[in-house]
Amino acid sequence: MPLDMNRDPDLEWLDHVQPVGLVAAPGLLKELGLSPLRQTPIDTGAVAELLDPDTSKPALPDPWQFATQVLGWVAPHVAGAPGGPAIPAEFFVSLPEHDTTLKPTWAVAELGGGEQRWQLLVRIEAVGVDPDARGALNGWEATPHQRFERLLRDTGVFAGLMVTDRAIRLIYAPRGETSGYVTFPLRPLGTVAGRPMLGGLKLLLDSFRLFSDADDRRLPALLKRSRDAQASVSTALAEQVLGAFHELLRGLNDAERPGMDELAATRPDHLYEGLLTVLMRLVFILYAEDRDLLPSRSDGRAREIYETSYSVRGLYARLAEDAALNPDTMDERRGGWGRLLALFRLIHQGHASGFVRARGGKLFDPDAFPFLEGRTTRDAPARILNVSDGCLLRILEGLMTVKLRGAERVRLSYRTLDVEQIGSVYETVMGFTVEAAPGRVLAIRAGKNNRTPVFVDLDDLRAKKGKDRIKHLKETAGRSLTASQAKPVESAGTVDDLAAALDGIVDQRGSPRHETAPAGTPILQPTDERRRTGSHYTPRSLTAPIVKHALEPAFARLGPDATPKQILELKVCDPAMGSGAFLVEACRAIGSMCKASSGSSATTTRRRKSPSPDRVPANSLSWRPQTARKKILQVSVCKII
């Protein structure tokens, strides 16, 4: 597979450990200048001496020796460690309904000046315990990982380290938020290939990061700030996705101008929905790829074929390499669009070998929008449009990388995105229409907070006089101008003069290189409603307390002994759902209530007789589809939603 030319060597270790959920935000690491130290043969040799070469035995015979010699921990700061203080009683969490007591093996002290006295709990599992297997431990049937997350949330420490036979797993589970974790396989840490991972492990967990660095750069602050920074990532990603939306329309128009002109004139809604579907497909695939859901088979040969011949990640890597070698000819190169169409069909229809299972449905249906395959009707033969590789590279860069203000562009991990953040991406491209430009047009930053590209008809604007132009921009584009911005617009004598006067507020997502588009060009124009309301990412820090406050009276009326069936009688309606952030949080809250109720019911039933496995869902995730399917009602002005 071609090398990803945009890969940052300081973040290479994150590619190896493949985070699940958000632990340490790459953008924050770059902002703080935190990069792993280069590991030497001496470093890997020191780790190798602590590992058992017999693969049938636990990789780490003495975890405390590893903590002291590799990470530099000292016993006075680690309760429960050999020679350290005793573990406080507050870390023994009793769950009588499950006949279980949760407790850590060690607790790492917080030496900063804040109120928090502890920063990390450590749990060392017994030989042969799979952290993700249900029933692996006595008592509560939850997985060891789920039990540890419960311990972290109940004690308020939130960060934990789980050590098993084969790996070290850093878990971050803040109360009321989605958990995340990174897993460092142990045996590779003692090899040359594992040096990036060893550097990453030390970057997060060595004694300097835990005890000696500045407060805002130590582990607790790093984990919390990573969550805070994610809102900025979501906002930046949404803005980039809107740019990719405009780029896709331009690319299709350049490849098939007569067909796109006809669709824009006769079936603009169909064209718009087709563009939107392409972006939804790409986001779906990127999310699935980052979570190892594609290909469906997990054997090495299947993954090799998928990564080299089908994957969106692989396509982006190839295009990035081509751009590095041939930067001036990317818009003349072809091939990427055909690969994408093949992937879309593969996901829809599947493969007989099970390499990729058929998904079916409308999202990937090639007949839903035949114009994407160069067809005017469903029965017409498909052909590959001449969409340039340069266009595809710009689209994928907008979807797969993120650039925050003052920071370098970094690769985005869809593993770290919550459902609400994916929803905000979709919401960003809602509320537009495709239309043919009535005259020469230029996109400016306008609408609410001047964050939406709005095309201005320069010929129509030139026909107006002086201050009428300023009024027209305010009324039709939602853009107010300062006195210094207004003066050259009022005095402009030609269309070129107007373009120059508006140059400072041009939105290059709609008008790259500040170029005007001729009359008749298909453009994406926001509706009046979209210009007024804009698009916003709503973080869980806002939705969680509001949903909690809204549902508490209903939960209180049901009482502490409510059954899952009674809880699922609740109905939640959002009459203006937007990206669905509040509905997703309501689904979580009701699912968690059902989980708690089923656990209590299961314990009571267990004392009487063995419960039927199909009557007690395994965890709250099992309840969420039922909740969303039956009890979550939504209203949106957008028919596509």
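These remarks concern the structure in this document. All values reported here derive from a predicted model rather than from experimental measurement.

Description of the overall build of the protein chain
Counting its secondary structure elements, the protein chain contains 24 helices and 16 strands. Sorting the 641 residues of the protein chain into buried and exposed places 51% on the buried side. Counting only carbon and sulfur atoms, one obtains 52% of the accessible surface of the protein chain, whose full area is about 29600 Å².

So, the sheet that holds strand β8 (residues 180-185)
In sheet architecture, strand pairing relies on hydrogen bonds along the backbone and comes in two forms, parallel and antiparallel. Taking strand neighbours across the sheet as the criterion, the six strands line up as β1-β4-β5-β6-β7-β8 in an open arrangement whose pairing is mixed. One side of each edge strand has no neighbouring strand; the edge strands of this open sheet are β1 (78-79) and β8. Across two bridges, the pairing between β1 and strand β4 (residues 106-109) is antiparallel. Pairing of A79 across the sheet is with A107, part of β4. Running over the sheet, helix α5 (residues 144-155) touches β5 (118-124), β6 (159-163), β7 (167-172) and β8 and is turned about 150° from β6.

Points about helix α14 (residues 389-400)
Each α-helix winds once per 3.6 residues, and so residues spaced three or four apart point in a common direction. Between its terminal C-alpha atoms α14 stretches 16 Å, which fits the 16 Å expected from 12 residues at 1.5 Å a residue. Of all 12 residues in α14, 10 are buried, a share of seventy percent or more. Among all positions of α14, only D389, G390, C391, L392, L393, I395, L396, G398, L399 and M400 are buried. Buried residues in α14 make contact with α8 (219-255), α10 (268-290), α12 (312-325), α13 (336-349), β9 (401-402) and β10 (410-411).

Some remarks on the environment of L32
Note on placement: L32 falls in helix α2 (residues 26-32). Among the residues examined, L32 registers a relative accessible area of 14% and is labelled buried. Along the sequence, L32 and D216 sit 184 residues apart, while their C-alpha atoms lie 9.4 Å from each other. Once residues within four sequence positions are removed from consideration, L32 is found in contact with D216, R217, L222 and R225.

Digging into the packing of aromatic side chains
Inspection of the entire model under this criterion finds 11 aromatic pairs. Among the aromatic residues, ring-to-ring pairing joins W64, W73 and W106 into one connected group. Geometry around F344 places R281 over its ring, the cationic atom sitting 4.9 Å from the centre.

Structural notes on the pairing of β7
The element β7 is extensively covered by neighbouring structure, given that six of its six residues are classed as buried. Residues A167, R169 and I171 point to one face of β7 and I168, L170 and Y172 to the other, with burial holding for every one of them. The turn linking β6 back onto β7 is made up of three residues. Examined bridge by bridge, β7 and β8 share six bridges and lie antiparallel to one another. Counterpart to I171 in the pairing with β8 is Y181.

Structural notes on the side chain of S226
Looking at where S226 falls in the secondary structure, it is placed in helix α8. Classification of S226 as buried rests on a relative accessible area of 0%. Of the polar contacts made by the side chain of S226, one reaches the backbone nitrogen of A25; its length is 2.9 Å. Not counting chain neighbours up to four residues away, the residues in contact with S226 comprise L22, V23, A24, A25 and L28.

Comments concerning the pattern of salt bridges
Applying the stated criterion to the full structure yields 36 salt bridges. A salt bridge links E239 to R451; its shortest N-O distance comes to 2.4 Å. Taken as a pair, E239 in helix α8 and R451 in the loop between β12 (441-446) and β13 (452-457) lie far apart in primary sequence, 212 residues in all. Note on E239: relative accessible area 31%, which makes it partly exposed. Judged by relative accessible area, which is 40%, R451 ranks as partly exposed. Ionic pairing is found between E515 and R513, a salt bridge with its closest N-O pair at 3.3 Å.

Re unusual backbone geometry
The omega torsion across L294 and P295 is 0°, close enough to zero to call that bond cis. Relative to the elements of secondary structure, P295 occurs in the loop between α10 and α11 (300-309). The backbone phi angle of D99 is positive, close to 55°, even though this residue is not glycine. With a phi close to 80°, F158 is a non-glycine residue in the positive phi region.

Quick notes on the rules
- Residues numbered from 1 in each chain as written.
- Predicted model: local features only at pLDDT ≥ 70, side-chain atom pairs only at ≥ 80, totals over all residues.
- Heavy atoms only, no water.
- Helix = DSSP H or I, 4+ residues; strand = E, 2+ residues; numbered from the N terminus.
- Buried < 20%, exposed > 50% of the residue type's maximum accessible area, 1.4 Å probe, protein only.
- Areas by Shrake-Rupley, 256 points an atom, 1.4 Å probe, with all protein chains shown as cover.
- Pairing = 2+ DSSP bridges.
- Contact = heavy atoms within 4.5 Å.
- Axes fitted to C-alpha atoms, helices over the stretch in contact; angles between N-to-C directions.
- Expected span 1.5 Å × (residues − 1).
- Phe/Tyr/Trp six-rings, centres within 6.5 Å; stacked < 30°, edge-to-face > 60°.
- Lys NZ or Arg CZ within 6 Å of the ring centre and 35° of its normal.
- Polar contact = N/O pair within 3.5 Å; in protein donor to acceptor, adjacent residues only side chain to side chain.
- Salt bridge = Lys/Arg side-chain N within 4 Å of Asp/Glu carboxyl O.

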